[in-house]
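# Coordinate analysis (summary)
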Amino acid sequence: MVKGKVVALDGAKAVAEAMRQMNPDVVAAYPITPQTEIVQTFSQFVADGKVDTEFIPVESEHAAMSACVGAAAAGGRVQTATTSAGMALMWEVLYVAASTRLPIVMHFVNRALSAPLNIHCDHSDSMGARDAGWIHLFAENAQEAYDNAIQSVRIAEACMLPVLHTQDGFIISHGVERLQILPDQAVKDFIGTYKAEHPLLDTDHPIMVGPVDLPDFYTEHKRQQVDAMEKAPQVIRRVGQEYGTLTGRTYGLVEPYKLDDAEVAIVVLGSTAGTSKVVVDALRGKGVKAGLLKLRAFRPFPAQEVAVALRDKVAVAVLDRSMSFGGQGGPVFLETCAALYNGGGRARAINYIYGLGGRDTTPDQIERAFQEILNISTPGKAPVDADQSERGRQSPG
Amino acid sequence: MAKQPGWKDIPIGGLILEGGTAVKYETGSWRSNRPVLDKNKCTNCMLCWVFCPDSAIVVRESKMLGYDLEHCKGCGICARECPVKAITMVEETKFREGSNG
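What counts as what
- Residues numbered from 1 in each chain as written.
- Chains lettered and ligands numbered in written order.
- Predicted model: local features only at pLDDT ≥ 70, side-chain atom pairs only at ≥ 80, totals over all residues.
- Helix = DSSP H or I, 4+ residues; strand = E, 2+ residues; numbered from the N terminus.
- Rg over C-alpha atoms; globule rule 2.2 N^0.38 Å.
- Buried ≥ 20, exposed ≤ 12 C-beta atoms within 10 Å, placed from the backbone.
- Contact = placed C-beta atoms within 7 Å.
- Pairing = 2+ DSSP bridges.
- Axes fitted to C-alpha atoms, helices over the stretch in contact; angles between N-to-C directions.
- Parallel < 35°, antiparallel > 145°, perpendicular 65-115°, else oblique.
- Left-handed = near helix turned anticlockwise from the far one by under 90°.
- Nonpolar A, V, L, I, M, F, W, Y, C, P; charged D, E, K, R; others polar.
- Domains from an automatic or database assignment.
- Core = buried A, V, L, I, M, F, W, Y, C linked by C-beta atoms within 7 Å.

Next up on the list: the overall build of chain B. The number of helices and strands found in chain B is 2 helices and 4 strands. When the helices and strands of chain B are placed in sequence order, the string is β-α-β-β-α-β. Radius of gyration (C-alpha) of chain B: 16 Å, far over the 13 Å computed for a compact globule of 101 residues. With the C-alpha coordinates of chain B rotated into their principal frame, the extents come out at 50 × 35 × 20 Å. Within chain B, the fraction of its 101 residues that count as buried is 16%. The contacts of chain B with a sequence gap of at least 6 include a subset with a gap of at least 24, amounting to 61%.

Across its full length, chain A carries 12 helices and 14 strands. At 21 Å, chain A has a C-alpha radius of gyration in line with the 21 Å of a compact globule built from 397 residues. By its C-alpha atoms, chain A is 75 × 55 × 45 Å across when sized along the principal axes. Here chain A holds 397 residues, and 53% of them are scored as buried. In chain A, of all internal contacts separated by at least 6 residues, the share reaching a separation of at least 24 is 79%.

All names here are of chain A. Within the open sheet, the 5 strands sit side by side as β9-β11-β10-β13-β14. Their pairing is mixed. Each end of this open sheet is capped by a strand with a single partner; those strands are β9 (254–257) and β14 (348–353). Going from strand to strand, the sheet's axes swing by 20 degrees on average, the running direction of each strand aside. Where β9 and strand β11 (residues 290–295) come together, 4 bridges link them in antiparallel fashion. Residue pairing in the sheet places Glu255 in a bridge with Lys294 of β11. Here helix α9 (residues 272–285) sits on the sheet and contacts β9, β10 (264–268), β11 and β13 (315–320); the angle it forms with β11, its principal contact strand, is near 165 degrees. Packing against the sheet, helix α11 (residues 331–342) makes contact with β10, β11, β13 and β14, and its axis sits at approximately 145 degrees to β13.

Before going further, it helps to spend a moment on the packing of helix α3 (residues 61–74) of chain A against helix α4 (residues 84–99) of chain A. All names here are of chain A. Between α3 and α4, the shortest axis-to-axis distance is 7 Å and the interhelical angle comes to 25 degrees. Taken together, α3 and α4 sit at an angle that is classed as roughly parallel. Helix-helix and strand crossings are classified by hand; for α3 and α4 the assignment is right-handed. Contact with α3, carried on its side by Glu61, His62, Ala64, Met65, Ser66, Cys68 and Val69, involves Gly86, Met87, Leu89, Met90, Val93, Leu94, Val96 and Ala97 of α4 and no other residues of that element. Class assignment of the residues belonging to the contact of α3 with α4 gives a composition of 11 nonpolar, 3 polar and 1 charged.

Before going further, it helps to examine the domain arrangement of chain A. Interfaces are often described in size by the accessible area the parts lose on coming together. All names here are of chain A. Entries for chain A in the domain assignment read domain 1 (5–247) and domain 2 (255–377). One C-alpha centre belongs to domain 1, the other to domain 2; they are set 27 Å apart. Taken together, the contact pairs 25 residues of domain 1 with 21 residues of domain 2. Of all elements in the fold, only α5 (124–128), β6 (135–138) and α8 (218–247) reach the threshold of two or more residues within the side of domain 1 that touches domain 2. Counted by class, the side of domain 1 that touches domain 2 contains 14 nonpolar, 7 polar and 4 charged residues.

This paragraph deals with the interface of chain A and chain B. Each partner contributes to the interface: chain A provides 18 residues, whereas chain B provides 11 residues. Sort the elements by how many residues they give to the side of chain A that touches chain B and α8(A) lands first, with 4 residues. Here the side of chain A that touches chain B is built from residues that sort into 7 nonpolar, 6 polar and 5 charged.

Let us look at the nonpolar core. Residue and element names in this part refer to chain A. One finds Cys68 and Val316 to be the most contacted residues of the largest nonpolar core, which totals 122 residues. With 9 residues, helix α6 (residues 142–159) is the largest single contributor of residues to this core. The residues touching Cys68, leaving out its near neighbours within four places in the chain, are Ala28, Val78, Thr80, Ala97 and Ile104.

Moving on, we come to unusual backbone geometry. Residue and element names in this part refer to chain A. Put simply, Thr33 and Pro34 share a cis peptide bond, and its omega is 0 degrees. Structurally, Pro34 is set in the loop between β2 (26–29) and α2 (36–47). Looking along the chain, the bond that leaves Ser114 and enters Ala115 is cis, with omega of -5 degrees. Relative to the elements of secondary structure, Ala115 occurs in the loop between β5 (105–110) and α5.

The next thing to look at is the sheet that holds strand β12 (residues 297–299) of chain A. Across a sheet, paired strands are connected by hydrogen bonds in the backbone, their directions being either parallel or antiparallel. Residues and elements named next belong to chain A. Across the sheet, which stays open at both edges, the 7 strands sit in the order β3-β2-β4-β5-β7-β6-β12 with mixed pairing between neighbours. Looking at which strands have only one partner, the edges of the open sheet turn out to be β3 (54–57) and β12. Direction aside, the axes of adjacent strands within the sheet are offset by 20 degrees on average. With 2 bridges joining them, β2 and strand β4 (residues 78–83) adopt parallel strand pairing. Bridging across to β4, Val27 finds its partner in Gln79. Relative to the sheet, α3 contacts β2, β3 and β4, its axis offset from that of β4 by approximately 165 degrees.

Below you can see the structure in the form of structure tokens.
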């Protein structure tokens, strides 16, 4: 295990620091709040000669992802960063990156989508892109954002899939925290060197990237993507283990917290997992068998882990920081319910939409959600009607 | 047509790993109209060869010999451009075995 250096950084600067240590071949990015601090900090590293990266200050996020696709097809190690509307503008090219099987890493910050205009955190942006073929990793704090940034490169290159790792806008990206960063050489050794199998710039072996794909082969290429995503969990676990050997911080697809003997549990991802752990501790102090399942990977969705972790619970509350208008719940809820159903679980599940547009989610609200699932799990006690708030029907607050 | 390769047999990401592969893709199956050459009218001016977008005009020793029907999509450009109207487009069904057309 190497000795890390304890520093005080916000999540955005922590990720920029990881980028400096990784020294990617190409970074193409456009500034957008609250991600700006990542590319701004990194561009300073470029200007100061601290990295060898070719930094492409593009005219839009559509161009950013397009430049990433070109650079990755050429054989480079390529990264970008964006959030919210920036990702929305990348939309078309997100699919091109994934379907062309380019191991691009996106340092992402979660922010609400317009309208009304809002620059604060929710997960609508990346959740909207959950079917684009990218791997999605969520961080609970700045330490995890830093750690995920470094692991993402290894995961992307092993799976030949692009990886998006995210942190909650402002809450993590602009909250200064204590974290450990690795020595530069340890990061360099961990990510190793990348040699693309079929780089476009290998003129001795000319290839074609991005040709038209007609009905006779398009399905086969989608099937290959399914296969890559099915193999991704073992890669994520392997890289997380290896990172744990290096740092003492081991990562998997999910993180159960006081879950083994829990009767009721909350399923959550992102920074609210931290808030929820505080509540779990408080409830445990009162003798309530409360637990938590934090999702680190949302794509691939760790269905088996979720089913095994939750199937013997009486009731679970699934927290979603985004909406699926007209759907039967938020994306985390729908995936969790499907995992429980397919895994033969008997747990009853209730969905909470929380924290939209950066609204604070307090321990009190999490505790109230726990109280509701405790009521659900108590015979004779009818579930409380979801309308608990004059401020919004689906909010626990 | 030969059995198509499956998803495990083809390069990932839609990559094409060598040049000159278009010849293996038999676009002739797309054709609904087939060009038919009247050799008595043809002057071997080669305008059809110039215009054909699929390189499907077979030429040897400066003579227009006919069509590569495995790749001709039946677009009709050769017939449209032929200055002596030596090419006519005929419905593909008329060539099929057992066709009443």
